[in-house]
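A closer look at the structure
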Amino acid sequence: MLSFISHSPLETEAIGAELSQKLRGGDVLAFRGGLGAGKTTFTRGLAQGLGAGTEVSSPTFALVHEYDSAPPLYHFDMYRIDTLDDLYSTGFFDYLGNGGILAIEWSENIDGALPEDTIFITISQTGPDSRTITVEGGRF
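Conventions adopted
Residues numbered from 1 in each chain as written. Predicted model: local features only at pLDDT ≥ 70, side-chain atom pairs only at ≥ 80, totals over all residues. Heavy atoms only, no water. Salt bridge = Lys/Arg side-chain N within 4 Å of Asp/Glu carboxyl O. Helix = DSSP H or I, 4+ residues; strand = E, 2+ residues; numbered from the N terminus. Pairing = 2+ DSSP bridges. Axes fitted to C-alpha atoms, helices over the stretch in contact; angles between N-to-C directions. Contact = heavy atoms within 4.5 Å. Buried < 20%, exposed > 50% of the residue type's maximum accessible area, 1.4 Å probe, protein only. Expected span 1.5 Å × (residues − 1). Arc of directions from axis to C-beta.

Description of the pattern of salt bridges
- Applying the stated rule across the entire model yields three salt bridges.
- For the salt bridge of Glu13 with Arg44, the shortest nitrogen-to-oxygen distance reads 3.3 Å. Of this pair, Glu13 sits in helix 1 (residues 9-20) while Arg44 sits in helix 2 (residues 39-50), placing them 31 residues apart in sequence.
- One salt bridge connects Arg32 with Asp111, and the closest N-O pair in it is separated by 2.8 Å.

Okay, structure coming up:
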């Protein structure tokens, strides 16, 4: 298990960039944390660390954003996913086996479909800008 303290969005991004260096294709990251916890900010850091040269935004309405990095990063938002049929419609299962890294916001909604070696990232808000970030599962 890894644990970090962040005091700002920039620090949260830096932690994401640092973690990106420990990831490999096929990893699945399941984010836990409430609205505004910093899941997208953390993913922005992941994308930067992986070399994606594009702006990262929440995939709330698109369900998935694909970022051209090495390996590719696929950023999912499962907030509106209620059923297995909904999950299939996102293409989630197709992404699992293609060698990219999956970063999944609101992963609680698809707990039963997450692979056994999923890496869980819990972001707990401890103040207006401070967060505790815990990484566990998978290789951690």
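Back to the text.
Some words on the pairing of strand 6 (residues 119-125)
- Looking at chain direction, strand 2 (residues 28-32) and strand 6 are connected through four bridges and run parallel. Its bridge partner being in strand 6, Arg32 is matched across the sheet by Thr122.

Examining the sheet that holds strand 1 (residues 2-6)
- Strand order across the open sheet formed by seven strands is 1-7-6-2-5-4-3, with mixed pairing between neighbours. The open sheet terminates on both sides in strands that have one partner only, identified here as strand 1 and strand 3 (64-67). Going across the sheet, the axis of each strand differs from the next one's by a mean of 15 degrees, ignoring polarity.
- Of the pairings in the sheet, the one linking strand 6 to strand 7 (residues 131-137) comprises seven bridges and is antiparallel in character. Across the sheet, Thr122 pairs through a bridge with Thr134, a residue of strand 7.
- The strands touched by helix 1 are strand 1, strand 6 and strand 7; relative to strand 1, the strand with the most contacts, the crossing angle is about 155 degrees.
- Along the sheet, helix 2 contacts strand 2, strand 4 (73-77), strand 5 (101-105), strand 6 and strand 7; its crossing angle with strand 4, the most-contacted strand, is approximately 170 degrees.

Here's the deal with the pairing of strand 2
- In terms of residue burial, strand 2 counts as a mostly covered element, since five of its five residues are buried.
- Neither face of strand 2 is exposed, since Val28, Ala30 and Arg32 on one face and Leu29 and Phe31 on the opposite face are all buried.
- Of the strand pairs in this sheet, strand 2 and strand 5 are connected by three bridges, and their pairing is parallel. In the sheet register, Leu29 faces strand 5, and the bridge partner there is Ala103.

Looking at helix 1
- Helix length check: helix 1, at 12 residues, gives a terminal C-alpha distance of 17 Å against a target of 16 Å (1.5 Å per residue), a fit within 8%.
- Among the residues making up helix 1, those that are buried are Thr12, Glu13, Ile15, Gly16, Leu19 and Ser20. Relative to the axis of helix 1, the buried residues are bounded by an arc of 160 degrees and lie together on one face.
- On the buried face of helix 1, the contacting elements are strand 1, helix 2, strand 6 and strand 7.

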